[in-house]
Amino acid sequence: MRNALSGLLWNPIPLFGGRYLLMPGADLLFFKMVGSHMAYCRRYGQYTMNPESSTKASERPLFDRSSSQDSLDEVSMEAYWTELENIKRSNENRQEGQEAIVVKEPDEGELEEEWLKEAGLSNLFGESADDPQESIVFLSTLTRTQAAAVQKRVETVSQTLRKKNKQHHIPDVRDIFAQQREAQEKSPDDSDLRSVRTNENKGQGKDEQPSSGADDNKELIPLVPEDIPASETDINLEVSFAEQAVNQKEFSKERTQKIKGNDAPLPSFRLPKDKTGTTRIGDLAPQDMKKVCYLSLIELTALYDVLGIELKQQKAVKIKTRDSGLFGIPLTILLEQDQRKVPGTRIPLIFQKLISRIEEGGLETEGLLRIPGAAMRIKNLCQELEVKFYEGTFNWESVKQHDAASLLKLFLRELPQPLLTMEYLKAFQAVQNLPTKKEQLQALNLLVILLPDANRDTLKALLEFLQRVIDNKEKNKMTAVNVAMVMAPNLFMCHALGLKSSEQREFEMAAGTANVMHLLIRYQKLLWTIPKFIVNQVRKQNTENQKKERKAMKKLLKKMAYDREKHEKQDKTANGADVPQGVIRVQAPHLSKVSMAIQLTEELKASDVLARFLSQESGVAQTLKKGEIFLYEIGGNIGERCLDDDTYMKDLYQLNPNAEWVIKSKLV
């Protein structure tokens, strides 16, 4: 496309709502397709390429707010630039003494070595590498693409250590994965692991379907169907995302093209019902959640590898920060001082109060989040809050609604490290480069899992608040796109990095990060789900570890001259607990009825089990307990898991027959 004004060649890049980004060298513009002409607007002005529309453009103020949704979309990018200017002005008033984060550029191999540590595989190299057996169980549960991602990083670390002539053990990747394969061959029930390797079994035809025999219930990592592509609206949590990406290439020849649909409505993705229950962040015991994080990092890396996207983690050199106050304080320190005031709080009190103050003013206020408060007033309010907030003497009535919104955004920007963390900020930004919206959503799901608890909980509170703002878009004129445009620079442009971006980079950031922000808001209910294939990998790890422990126990018993047969008989009796076949015994130590034997049926759900126990409570207690207590699956091949109401108990029992079933309150 050639510009009639300058004769330069323009390259259009799709943005939201039918708009495109034109990048003629250093000049940065965006325009919207409007019938037969293209109106485009620069940061500080508006022009048209069609002479007939120039009069209309000049007559209409840039920030004119009509009731037309189209007019709101036309200025959504302008909202980004306005917010950026507000941030720059706010930064000029920042408190002195705050330091910029120093991001250390990793040496060769350092990045991969750090990655292996983050993935729980540090014992593959270094001083602890003498016995890598601890990692063999972990490696044996990986999918083909996950194993390839690990192998690639181990090879890089091995080469680097050899170059540096390190004295400690240097892993040979062939030895490591040879041991992994040997362990799998010895395992009598590893069919579930091999089921993900759809191309390894040459004897299986492409159109051959998985067996429907009795062993199907034991499959923890199901086969990727190669003959039928998944529906565009379904999110398959049973199969590795990276494995899906490999298989999807056969069905999408347009994958090499740029993403279609930055200007199209976002799909209405849904999670198919899982009879064994949906697992959400917070449902698992800490030891299992740790394994989930290891696997999520490996899976995210495998997904990016398959799609040809570079994934590089950054590490911030530790800097001196204040150890008390409100703004510019690390989240962990802020929560520690908050928990002294309100035990158990998981979201900073100042953050909660600012959201509450905004909502008190009504979410129907036009331009909410977009219109800034006065800069000097914001600065004074910050100083006053620092002194009076914890004393309880701050006068919240004096805080205007737009000031509270500005303070909320300032809080996010002033965090010493980004809310999305220094390690994963680039990975969040890179989501925009993934080929499909489904893969973008899958990557965001894994990234949310990888966030530290404090960051994840605060992000959740923010996204829920932003959705409430959007729910009032008819009156406040803040659509999801507009909110994304305004909030993106506050989450993705960390002031502490001290980066002075070029104008071109700023414009690229505007389009990309606003897209990612939009996805975070739109799909937030899906992002806090732990994929079933990862939970199943954890179950597999736990099962294999228990086998090792039982072998070790048998050896110990022999050495101690115990009667092994007697021990095994006692163990079997304890597991059976005199419960008939097809019946589970549910414990409820804090309820009136402390134990109940329940017959399993095809239709029995976790909610039905809870209802039976609650029916034994008195009226008031029944009301109080409902929504406060949950049914848990404990032991067997899982540490502990809180069940959602729609879990079918018979299906879960078949997956984990050695579990105990306990009703208790959820630890927050």
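Residues numbered from 1 in each chain as written. Predicted model: local features only at pLDDT ≥ 70, side-chain atom pairs only at ≥ 80, totals over all residues. Heavy atoms only, no water.

### Side note on the overall build of the protein chain
Helix and strand counts for the protein chain stand at 26 helices and 14 strands. Taken over 668 residues, the protein chain has a buried fraction of 50%. When contacts within the protein chain are restricted to residue pairs at least 6 apart in sequence, those whose partners lie at least 24 apart make up 73%. (Helix = DSSP H or I, 4+ residues; strand = E, 2+ residues; numbered from the N terminus. Buried < 20%, exposed > 50% of the residue type's maximum accessible area, 1.4 Å probe, protein only. Contact = heavy atoms within 4.5 Å.)

### Let's talk about the nonpolar core
In this structure, Tyr304, Leu407 and Leu466 are the most contacted members of the largest nonpolar core, which totals 128 residues. Apart from the residues lying within four places of it in its own chain, the contact partners of tyrosine 304 are Ile309, Glu310, Leu311, Ala427, Ala430, Val431, Leu434, Ala443 and Leu447. Within the second largest apolar cluster, 22 residues are counted, among which are Val586, Leu610, Leu614 and Leu631. (Core = buried A, V, L, I, M, F, W, Y, C linked by side-chain atoms within 4.5 Å.)

### Quick notes on the packing of helix α9 (residues 241-248) against helix α16 (residues 437-450)
It is the contact of α9 with α16, at a shortest axis distance of 11 Å, that shows an interaxial angle of 165°. Relative to α16, the element α9 is oriented roughly antiparallel. Like other packed secondary-structure pairs, α9 and α16 cross with a definite hand, here left-handed. For the pair formed by α9 and α16, the contact residues are Phe241, Gln244 and Ala245 on the first element and Glu439, Gln442, Asn445 and Leu446 on the second. (Axes fitted to C-alpha atoms, helices over the stretch in contact; angles between N-to-C directions. Parallel < 35°, antiparallel > 145°, perpendicular 65-115°, else oblique. Left-handed = near helix turned anticlockwise from the far one by under 90°.)

### Re unusual backbone geometry
Backbone geometry at leucine 369 places phi at a positive 80°, although glycine is not the residue there. Topologically, leucine 369 is positioned in the loop between α12 (349-360) and α13 (375-388). A residue is classified by how much of its surface remains accessible, and leucine 369, at 0% relative accessible area, is buried. The phi dihedral of lysine 477 is positive, around 60°, even though this residue is not glycine. Relative to the helices and strands, lysine 477 is located in the loop between α18 (473-476) and α19 (480-492).

### Considerations on the pattern of salt bridges
Under the counting rule described, the total for this entry stands at 25 salt bridges. Lysine 475 serves as the salt-bridge partner of glutamate 364, at 3.8 Å between the closest nitrogen and oxygen. With glutamate 364 in the loop between α12 and α13 and lysine 475 in helix α18, the pair connects residues that are 111 residues apart, well separated along the chain. Residue classification places lysine 475 among the exposed residues on the basis of a relative accessible area of 52%. Residues joined by salt bridges that share partners form a network here, namely Lys152, Arg153 and Asp305. (Salt bridge = Lys/Arg side-chain N within 4 Å of Asp/Glu carboxyl O.)

### What about the environment of isoleucine 470?
Assignment of secondary structure puts isoleucine 470 in helix α17 (residues 453-470). Setting aside anything within four residues of it in sequence, one finds isoleucine 470 in contact with Met478, Thr479, Ala480, Val483 and Ile521.

### Some words on the side chain of threonine 458
Tracing the backbone shows threonine 458 in helix α17. Setting aside anything within four residues of it in sequence, one finds threonine 458 in contact with Leu331, Pro348, Phe351 and Leu419.

### Brief notes about the sheet that holds strand β14 (residues 660-665)
Strand order in the open sheet made by the five strands is β11-β10-β14-β12-β13, with mixed pairing throughout. Across the chains shown, the open sheet's two edge strands, defined by having one partner strand only, are β11 (595-599) and β13 (638-642). Strand after strand, the sheet turns through a mean of 25° between neighbouring axes, direction not considered. Judged from the four bridges that link them, strand β12 (residues 629-635) and β13 form a sheet pairing that is antiparallel. Bridged to isoleucine 634 within β13 is glutamate 640. (Pairing = 2+ DSSP bridges.)

### Re the pairing of β11
Side-chain direction in a regular strand flips from residue to residue, so the side chains alternate between the two faces of the sheet. Side chains Met596 and Ile598 of β11 all project onto a buried face; the interleaved residues Ser595, Ala597 and Gln599 project onto a face where none is buried. With five bridges connecting them, strand β10 (residues 583-587) and β11 associate as antiparallel partners. Directly across from arginine 585, in β11, lies its bridge partner alanine 597.

### As for the pairing of β12
As paired elements, β12 and β14 share six bridges and run antiparallel to each other. Looking across to β14, one finds that isoleucine 629 is bridged to serine 665. Between β12 and the antiparallel strand that follows it, β13, lie two residues; glycine 636 among them carries a positive phi value of about 75°.

### Considerations on the confidence of the model for the protein chain
Put simply, the protein chain has an average pLDDT of 76, and 63% of its residues get 70 or more. Note on residues 1-75: pLDDT is under 50 here. Beyond four places in sequence and across chains, it has 149 contacts. This stretch, residues 572-576, has a pLDDT under 50; its non-local contacts, to residues over four places away or in other chains, come to zero contacts. (pLDDT = per-residue confidence, 0-100.)

### A few points about the packing of α9 against helix α10 (residues 286-306)
Their axes nearest at 8 Å, the elements α9 and α10 cross at an angle of 15°. Between α9 and α10, the angle falls in the class roughly parallel. As for the relative orientation of α9 and α10, their crossing is left-handed in sense. Counting all contacts with α9, which are made through Phe241, Ala242, Ala245 and Val246, the residues of α10 involved are Glu299, Ala302, Leu303 and Val306.

### With respect to α10
Look at α10: 30 Å from first C-alpha to last across 21 residues, which is about the 30 Å you get at 1.5 Å a residue. Burial runs high along α10: 15 of the 21 residues are buried. (Expected span 1.5 Å × (residues − 1).)

### Points about the environment of alanine 511
Tracing the backbone shows alanine 511 in helix α20 (residues 503-522). Sequence spacing of alanine 511 and methionine 485 is 26 residues, and the spatial spacing of their C-alpha atoms is 8.5 Å.

### Let's talk about the packing of aromatic side chains
The geometry of an aromatic ring pair is captured by the separation of the ring centres together with the interplanar angle, meaning the angle of the planes. One pass over the full model with this rule turns up eight aromatic pairs. Seen in terms of ring centroids, phenylalanine 269 and tyrosine 523 are 5.3 Å apart; in terms of plane orientation they differ by 55°. Their pairing is tilted. Remark: tyrosine 523 occurs in the loop between α20 and α21 (524-527) and phenylalanine 269 occurs in the loop between α9 and β7 (279-280); sequence separation between them is 254 residues. Given a relative accessible area of 9%, phenylalanine 269 falls into the buried group. Among the aromatic residues, those joined into a ring-pair cluster are Phe389, Tyr390, Phe394 and Trp396. Across the ring face of tryptophan 115, the terminal group of arginine 153 is positioned such that the distance to the ring centre comes to 5.5 Å. (Phe/Tyr/Trp six-rings, centres within 6.5 Å; stacked < 30°, edge-to-face > 60°. Lys NZ or Arg CZ within 6 Å of the ring centre and 35° of its normal.)

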